[in-house]
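Structure assessment
For reference, the chains in residue letters:
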Amino acid sequence: MQFNIKIKSKIADVIKKPFLRDVATVSAGSIIAQITAVASAPILTRLFLPDDFGILAVFVSSSAILAVIYTLQFDMAIVLPQNDMEARKLFVLSVKLSLWFLVILAILASFVLIFPILEFVGFEEIPQYLPLLAVLGGFAIAIERSLNYWNIRHKLFQLISIALAVAALLAAAFNITLGLFTTGVWILILGSLLNHFVNILIQMVYSKDREVFKDYSSKVTDQIKPEKLFNEYSDFPKYRMPQSLLNTIGQNIPALLLVSLFNPAVGGFYALAYRMVKMPGMLISEAVRKVFFQKSAELKNQKSGLYKSLLKTTLWLAATGFIPFILLALVSPTIFPFVFGDEWQSAGVYASYLTLWMYAVFCNTPSAAVMPVLRQQKRYLIFNIISLIVRVLTIYLGALTGGALEAIIYLSLAGLLYNLIIIVDVHIQAYRDEGLKTTEV
């Protein structure tokens, strides 16, 4: 009895810890969103063809890459200032930049409707309207992220969680409902856009200090000039933006290259495998990233505890994810054709190899969150340049020496090695940042 009381007391103490409580709050939305994706996937894979998912992967990948450019990564800086007025100005700056890039990129994308640019780069089977929709998708992601960081700053983790869950449920319902009556990749693309815009709407309506969304010329925000923000946070557009862009390209280039080098079906197999393998880790890692980013910014300002917190969180993730990822690697070739249909057998084989990469990404979550806090943007820009080159080369090497499977195997090994290097390096930088001595560890 005494033992049970002690156990319950320890569990209660853990739950009361702000960091774990915030992680659990954000995780709730991620869990609902991911369960929705898992539950709807077996239906969608029977309503839509692998080619449709391959084209959707091109849209999603292109949108994600463009989204990095829209804000020049000033959105990530919203969490950092001690002055709330400065954070407010950074949010407004991010939105303004997104609107400007939306107009510019939409004009450029319209040329694809006139000239056969997609055919020239190997995307003959991609609809001509896709680049224009990708520009809109990138804009939606950029605004969603700006709102995310604004609400993270104010610790509105429950709002972020609710927005994520509701948006995923509505998007899945939209895809399934329309898919029962008609077919076409345009349904999946519109569902993806709906997901982002519903998330934006919910966060805007229930966010703290909603006046900021229509405050582009107030006397309050004008007290801090844009020039001052560009100077003080110049490392974000100079180093963090190229770094994030390269990292995002590195994550999304496989789907684009597989569609270009092979066909949309191969891209569809990879996209489903990647999504399903990454999903278990995302249930925790996305919540950890958002909460740990806010916490690490606080610890950095306090000038103590950042390295210890980083190390503990990384080890916790490594222990938590080890067995689930091993099991996923073993059962994927059997589970995929059973759950998604016989034509998705190749996706199951791809998934078994991708677990190596995704487990390393899962463990790298706190290190990725700490990077902008340490302000070592230039250093990690170099890392990302090397990583992108290696990923592209591995895919081409696989295509030349074997086929799509070989390309994915080489890509997974390269991803595993890169994330391990980043984890070690970020820990070293955090250790040095606090002025610790190696002998004290």
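About the criteria used
- Residues numbered from 1 in each chain as written.
- Predicted model: local features only at pLDDT ≥ 70, side-chain atom pairs only at ≥ 80, totals over all residues.
- Heavy atoms only, no water.
- Helix = DSSP H or I, 4+ residues; strand = E, 2+ residues; numbered from the N terminus.
- Buried < 20%, exposed > 50% of the residue type's maximum accessible area, 1.4 Å probe, protein only.
- Contact = heavy atoms within 4.5 Å.
- Areas by Shrake-Rupley, 256 points an atom, 1.4 Å probe, with all protein chains shown as cover.
- Axes fitted to C-alpha atoms, helices over the stretch in contact; angles between N-to-C directions.
- Parallel < 35°, antiparallel > 145°, perpendicular 65-115°, else oblique.
- Left-handed = near helix turned anticlockwise from the far one by under 90°.
- Nonpolar A, V, L, I, M, F, W, Y, C, P; charged D, E, K, R; others polar.
- Phe/Tyr/Trp six-rings, centres within 6.5 Å; stacked < 30°, edge-to-face > 60°.
- Expected span 1.5 Å × (residues − 1).
- pLDDT = per-residue confidence, 0-100.
- Patch = residues over 30% accessible without salt bridge, like charges linked within 9 Å, V, L, I, M, F, W, Y side chains within 5 Å.
- Salt bridge = Lys/Arg side-chain N within 4 Å of Asp/Glu carboxyl O.
- Core = buried A, V, L, I, M, F, W, Y, C linked by side-chain atoms within 4.5 Å.
- Bend = angle between axes of the 7 residues up to and from the residue.

Here we come to the overall build of the protein. Within the protein one finds 16 helices and 0 strands. The buried share of the protein, taken over its 441 residues, is 53%. Across the protein, contacts joining residues at least 24 apart in sequence account for 84% of those joining residues at least 6 apart. Per element, the accessible surface of the protein, about 20200 Å² overall, is 68% carbon and sulfur.

Tracing the chain through its elements places phenylalanine 181 in helix H7 (residues 157-181). A C-alpha to C-alpha distance of 9.6 Å links phenylalanine 181 and leucine 47, two positions 134 residues apart in sequence.

Another aspect to go through is the packing of helix H14 (residues 365-374) against helix H16 (residues 404-433). Interhelical geometry of H14 versus H16 gives an angle of 40° and a closest axis separation of 10 Å. The angle between H14 and H16 falls in the class oblique. As for the relative orientation of H14 and H16, their crossing is left-handed in sense. Counting all contacts with H14, which are made through Ser367, Val370, Met371 and Leu374, the residues of H16 involved are Ile422, Ile423, Val426, His427, Gln429, Ala430 and Asp433. Looking at side-chain class alone, the contact of H14 with H16 contains 7 nonpolar, 3 polar and 1 charged residues.

This next bit is on the packing of aromatic side chains. Summed over all chains, the structure comprises 13 aromatic pairs. Here tyrosine 233 and phenylalanine 236 contribute two aromatic rings whose centre-to-centre distance is 6.2 Å and whose plane-to-plane angle is 55°, an arrangement assigned as tilted. For tyrosine 233, a relative accessible area of 3% gives the class buried. Among the aromatic residues, those joined into a cluster by ring pairs are Phe322, Phe325, Tyr359 and Phe362.

All right, on to H7 then. One full turn of an α-helix is made of 3.6 residues, so residues set three or four places apart face in the same direction. Here H7 is 25 residues long and its end C-alpha atoms lie 37 Å apart, about the 36 Å a rise of 1.5 Å per residue gives. Taken as a whole, H7 has its buried residues at Phe157, Leu159, Ile160, Ser161, Ala163, Ala165, Ala167, Ala168, Ala171, Ala172, Asn175 and Gly179.

Moving on: the confidence of the model for the protein. Averaged over all residues, the pLDDT of the protein equals 83, while 86% of them reach at least 70. This model gives residues 216-221 a pLDDT under 50, and the stretch forms 9 contacts once residues within four places in sequence are excluded. Low confidence marks residues 437-441, where pLDDT is under 50. Its contacts with residues over four positions away, or in another chain, come to 6 contacts.

Further remarks concern the environment of alanine 165. By secondary structure assignment, the location of alanine 165 is in helix H7. Along the chain, alanine 165 and alanine 33 lie 132 residues apart, while their C-alpha atoms are 4.8 Å from each other. Those residues in contact with alanine 165 that sit more than four places away from it in its chain are Gly29 and Ile32.

Next up on the list: the packing of helix H3 (residues 50-70) against helix H10 (residues 235-261). Running from N to C, H3 and H10 cross one another at 170°; their axes reach a closest spacing of 9 Å. For the element pair H3 / H10, the angle class is roughly antiparallel. Taking contact as the criterion, the partners of Gly54, Ala57, Val58, Ser61, Ser62, Ala64, Ile65, Val68 and Ile69 in H3 are, on H10, Met241, Ser244, Leu245, Thr248, Ile249, Asn252, Ala255, Leu256 and Val259. Each residue belonging to the contact of H3 with H10 can be placed in one class, and the counts come to 12 nonpolar, 6 polar and no charged.

This part covers the environment of valine 103. Note on placement: valine 103 falls in helix H4 (residues 84-110). As for valine 103 and leucine 136, which are separated by 33 residues in sequence, their C-alpha atoms are 9.7 Å apart.

Our focus in this paragraph is a nonpolar patch on the surface. A contiguous nonpolar patch, built from Phe322, Ile323, Ile326, Leu327, Leu330, Val331 and Ile335 and spanning about 670 Å² of accessible area, is present on the exposed surface. Residue position: leucine 327 is located in helix H12 (residues 306-340).

Turning next to the nonpolar core. One finds Tyr270, Phe293, Tyr350, Leu354 and Val426 to be the most contacted residues of the largest nonpolar core, which totals 113 residues. In terms of residue count, the dominant contributor to this core is helix H11 (residues 264-302) (16 residues). Not counting residues within four places of it along the chain, the set of residues in contact with leucine 354 comprises Tyr270, Ala273, Tyr274, Val277, Ile408 and Ser412. Grouped together as the second largest cluster of nonpolar side chains are 5 residues, Leu159, Ala163, Ala167 and Ile202 included.

When you line up the elements, threonine 248 lands in helix H10. Residues within four places of threonine 248 in sequence aside, it is in contact with Ala64, Ile65 and Val68.

Look at H10: 36 Å from first C-alpha to last across 27 residues, which is about the 39 Å you get at 1.5 Å a residue. Along H10, the helix axis deviates most sharply at asparagine 252, where the bend reaches about 45°; the proline proline 254 sits within four residues downstream. Counted residue by residue, H10 has 20 buried out of 27 residues, so it is predominantly covered.

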